[in-house]
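# Architecture and fold: a report
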Amino acid sequence: MAISIETSIITASQNRNAAGLSDDLNWWCFGGRGAGAFVQAHHDGIRIGQATVVEKPPFPSQGAFRVAEIGHNYVDKAFRRRGIFSKLVDEIEKFARIEGISALYVTPNSESEPIYRKLNYAFCEEPAELVLIPFDNSVAGGTHKALTEIQKDEYINLTLDCSRLFKGCAKYLQWRFAKPSAEFRFFCSQDRSAIMAVRPGSPGPLGVYVLSEFFLCGQKPPLEITLEYVEQLRQTLTEQKPIIFPSTDRCKLKDRTAVRVYRNFPMAYKRVAEGFIFPSTHQYQFTDSDYG
Ligand SMILES: CC(C)(COP(=O)(O)OP(=O)(O)OC[C@H]1O[C@@H](n2cnc3c(N)ncnc32)[C@H](O)[C@@H]1OP(=O)(O)O)[C@@H](O)C(=O)NCCC(=O)NCCS
């Protein structure tokens, strides 16, 4: 039976308090420096679907083009497979065109991946995964390089020129590491060659820490090396929890039993304006500053 669903979009210029968004969603959609919107679907006055779109800093190779990320995709169980989510993505694409956004990208999960494929999103060439290191699985004996906790400002200064999907920008990073519900902590080795950010995972069935970013001499190190530093980090963190982080190179690990796949972590994108080319993500390890 056909039911009546209304979709609408809330932008920064509207009365966004009326949407009753959580602090995290307000921060995400409207707290940054670029364009942002919350897209919703209602049935009988009740919100039954949502998605967000938030502008990110331009990619270094595509500086003339503006890019935005789609996130927070959700449709109430009772209303799924009726095309509601597809309508929300349609609203987002309209918003992008009006705003002058050139490309949209998203990190789908297994539920949304087939839908994004159907909606003609292209997928990045190298499959990425969120890998999980169980806390009772000592991997490589550690690096024996003690880690010191540092403040956010220092972390941002130290990592401005590190390899990220976007060109490092202090204001963007200040915003990204200010998520209301997440307490980020920052660490570095004494010689400052290893620098990392970590946060508790979102509440879920499995309590985890998220290795939000890790740079070694300004680059994302291979998983094998990351594992050694994770051992060191584990000794510094208060709670014994598994640690997860995105990686493309689990298959290259000598001892793959050290990690498990938490979930697949592909990146998909759609060009809204002619001429935009998505940067290569070959061997690229995504970090919290790349997606949200
Ligand atoms: C993912 C989600 C938002 C999809 O919402 P939805 O409103 O059911 O999606 P749609 O109805 O627009 O689906 C569009 C198309 O994809 C197809 N599709 C939907 N779910 C599918 C699935 N699980 N597997 C394969 N195809 C699927 C449908 O057939 C539909 O095509 P059609 O109607 O032309 O046949 C919803 O399932 C959800 O909220 N899941 C839990 C949260 C989540 O995982 N979010 C994604 C985070 S990245």
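Parameters at a glance
- Residues numbered from 1 in each chain as written.
- Predicted model: local features only at pLDDT ≥ 70, side-chain atom pairs only at ≥ 80, totals over all residues.
- Heavy atoms only, no water.
- Pairing = 2+ DSSP bridges.
- Helix = DSSP H or I, 4+ residues; strand = E, 2+ residues; numbered from the N terminus.
- Phe/Tyr/Trp six-rings, centres within 6.5 Å; stacked < 30°, edge-to-face > 60°.
- Buried < 20%, exposed > 50% of the residue type's maximum accessible area, 1.4 Å probe, protein only.
- Lys NZ or Arg CZ within 6 Å of the ring centre and 35° of its normal.
- Salt bridge = Lys/Arg side-chain N within 4 Å of Asp/Glu carboxyl O.
- Expected span 1.5 Å × (residues − 1).
- Contact = heavy atoms within 4.5 Å.
- Lys, Arg positive; Asp, Glu negative; His and termini not counted.
- Domains from an automatic or database assignment.
- Buried area = accessible area lost by both parts, 1.4 Å probe.
- Polar contact = N/O pair within 3.5 Å; in protein donor to acceptor, adjacent residues only side chain to side chain.
- Nonpolar A, V, L, I, M, F, W, Y, C, P; charged D, E, K, R; others polar.

## Remarks on the sheet that holds strand β5 (residues 103-106)
One open sheet accounts for seven strands, arranged β1-β2-β3-β4-β5-β14-β6; its pairing is mixed. Two strands close off the open sheet at either side, each with one partner strand: β1 (6-11) and β6 (122-123). Bridge count between strand β3 (residues 46-56) and strand β4 (residues 67-75): seven bridges; the pairing is antiparallel. Across the sheet, threonine 52 pairs through a bridge with glycine 71, a residue of β4.

## Section: the packing of aromatic side chains
Inspection of the entire model under this criterion finds 24 aromatic pairs. When the centroid spacing of 6.0 Å and the interplanar angle of 45° are considered together, the rings of phenylalanine 59 and phenylalanine 276 count as tilted. With phenylalanine 59 in the loop between β3 and β4 and phenylalanine 276 in the segment after β14 (268-271), this residue pair connects regions lying 217 residues apart in the sequence. We classify phenylalanine 276 as buried; its relative accessible area is 2%. What links up through ring pairs into an aromatic cluster is the set Trp27, Trp28, Phe59, Phe65, Tyr105, Phe166, Tyr172, Trp175, Tyr269, Phe276 and Phe278. Here arginine 117 stacks its cationic end above the ring of phenylalanine 123, 3.8 Å away from the centre of that ring. The cationic tip of lysine 241 hangs over the ring face of tyrosine 209; the distance from NZ or CZ to the ring centre is 4.9 Å.

## Details of the pattern of salt bridges
In the structure shown here, the tally under the stated rule is 12 salt bridges. Between glutamate 111 and arginine 80 there is a salt bridge, with its nearest N and O atoms 3.8 Å apart. With a gap of 31 residues between them, glutamate 111 in the loop between β5 and α3 (113-118) and arginine 80 in the loop between β4 and α2 (84-99) connect regions that are remote in the sequence. Residue class for glutamate 111 comes out exposed when judged on its relative accessible area of 56%. Owing to a relative accessible area of 31%, arginine 80 belongs among the partly exposed residues under this scheme. A salt bridge links arginine 185 to glutamate 149; its shortest N-O distance comes to 2.8 Å. Placement of the pair is arginine 185 in strand β9 (residues 185-189) and glutamate 149 in strand β8 (residues 147-150), with a sequence separation of 36 residues. Its relative accessible area of 23% is what places arginine 185 among the partly exposed residues.

## A few points about helix α6 (residues 223-236)
Taking 1.5 Å as the rise per residue, α6 with 14 residues should run 20 Å; its terminal C-alpha atoms sit 20 Å apart, in good agreement. In this structure, the buried residues of α6 make contact with β7 (129-133), β8, β9, β10 (194-200), β11 (209-216) and β12 (243-247).

## A short note on the side chain of glutamate 91
Structurally, glutamate 91 can be placed in helix α2. An unpaired buried charge is present at glutamate 91: no salt bridge exists, and lysine 94, the closest side chain of opposite charge, is 4.5 Å distant.

## Focus on unusual backbone geometry
Despite not being glycine, aspartate 44 has its phi angle at roughly 55°, a positive value. Along the chain, aspartate 44 turns up in the loop between β2 (36-43) and β3. A relative accessible area of 69% means that aspartate 44 is categorised as exposed. Positive phi outside glycine occurs at asparagine 120, with the angle close to 65°. Inspection of the secondary structure assignment puts asparagine 120 in the loop between α3 and β6. Asparagine 120 sits in the exposed class, given a relative accessible area of 62%.

## Some details on the domain arrangement of the protein
Interfaces are often described in size by the accessible area the parts lose on coming together. In terms of domains, the protein is made up of domain 1 (6-126 + 265-271) and domain 2 (129-263). Each of domain 1 and domain 2 has a C-alpha centre, and these two points are 27 Å apart. Summing both sides of the interface, domain 1 and domain 2 together bury roughly 1,700 Å²; the carbon and sulfur share of this comes to 68%. Linking domain 1 to domain 2 there are zero salt bridges. In this structure, the connection of domain 1 to domain 2 is made through four residue pairs in polar contact (both at pLDDT 80 or more). Those elements that provide at least two residues to the side of domain 1 that touches domain 2 are α1 (23-30) and β3. Here the side of domain 1 that touches domain 2 takes four residues from α1, the largest share from any one element. Grouping the constituent residues of the side of domain 1 that touches domain 2 by class yields 12 nonpolar, four polar and five charged.

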